[in-house]
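# Breakdown of the fold
Okay, here's what each chain looks like letter by letter:
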Amino acid sequence: MASTRVTLVVLSCTFVMSQLLLTAGLCPDMQTYDSWMAWCEDEFTYSVNISYICDWDQTIVPYSRVTKCAEAVSLTLNCTDRRRLFDVFMLDLHRRFFANCTPPREPDFDAPDDVFAAAVAIPTVLVWVAVFAWTYWNANKR
């Protein structure tokens, strides 16, 4: 529940920040920039299957295209802060399309038998050696 609140706060802050940045005039012609970025987003929307949006194998090609499109627009229009504009665009894209995707779960990994045996045997032997050495040292001290 707490992570959902944090996600919502981050997303709403991202939206407010994107609006502030886009009105800051980071491109000589922001209206043309907005139009081209809308076109890039439309191309992404039409080329990706929304029902498989969280499947990276299905989404990687359209995602790559929208990334290249956004970079090309900011380069072509000679925007002063290309990286920031790109980041704002991509964060907004993620907020709208990938917000409900969960990261893939890594399969559980069991250590190989020899590694497991060594991880158990070495500390056990070291404890026995330490106890023996301590006992021997105390017995000879008297």
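To be clear, the structure that these remarks concern was listed above.
Please read these numbers as outputs of a predicted model, since none were measured by experiment. Here the residue numbers are simple positions, counted from 1 along each chain's written sequence. In keeping with the predicted nature of the model, local features appear solely for residues at pLDDT of at least 70, side-chain atom pairs appear and are counted solely at 80 or more, and the whole-chain, interface and lining totals rest on all residues. Derived side-chain values reflect all non-hydrogen atoms in the structure, with water molecules and hydrogen atoms excluded from consideration.

### Considering the packing of aromatic side chains
Two rings from Phe, Tyr or Trp (for Trp, the six-membered ring) form a pair when their centres sit within 6.5 Å of each other. Planes less than 30 degrees apart are called stacked, planes more than 60 degrees apart edge-to-face, and all others tilted. This model, assessed by the stated rule, comprises six aromatic pairs. Ring centres 6.3 Å apart and planes at 20 degrees place the aromatic pair phenylalanine 132 and tyrosine 136 in the stacked group. Of this pair, phenylalanine 132 and tyrosine 136 both sit in helix H5 (residues 113-141), separated by four residues, roughly a single helical turn. Each member of the pair, phenylalanine 132 as well as tyrosine 136, is classed as exposed. An aromatic cluster of at least three residues, connected via ring pairs, comprises Phe44, Trp56, Tyr63, Phe97 and Phe98. Helix and strand assignments come from DSSP, with helices taken as H or I runs of at least 4 residues and strands as E runs of at least 2, each series counted from the N terminus. Under the scheme applied here, a residue whose accessible area is under 20% of the maximum for its type counts as buried, over 50% as exposed, and between as partly exposed, the area being computed with a 1.4 Å probe on protein chains only.

### Observations concerning the nonpolar core
Counting residues in each nonpolar core, the largest one holds 21 residues, and the members touching the most others are Tyr33, Phe44, Phe89 and Leu93. The leading source of residues in this core is helix H4 (residues 82-97), at six residues. Contact between two residues is taken to exist if any of their heavy atoms lie within 4.5 Å; hydrogens are not considered. Contact partners of phenylalanine 89, with chain neighbours within four places excluded, come to Met37, Cys40, Glu41, Val66 and Ala70. In plain words, nonpolar cores are sets of buried Ala, Val, Leu, Ile, Met, Phe, Trp, Tyr and Cys residues tied together by side-chain atoms within 4.5 Å.

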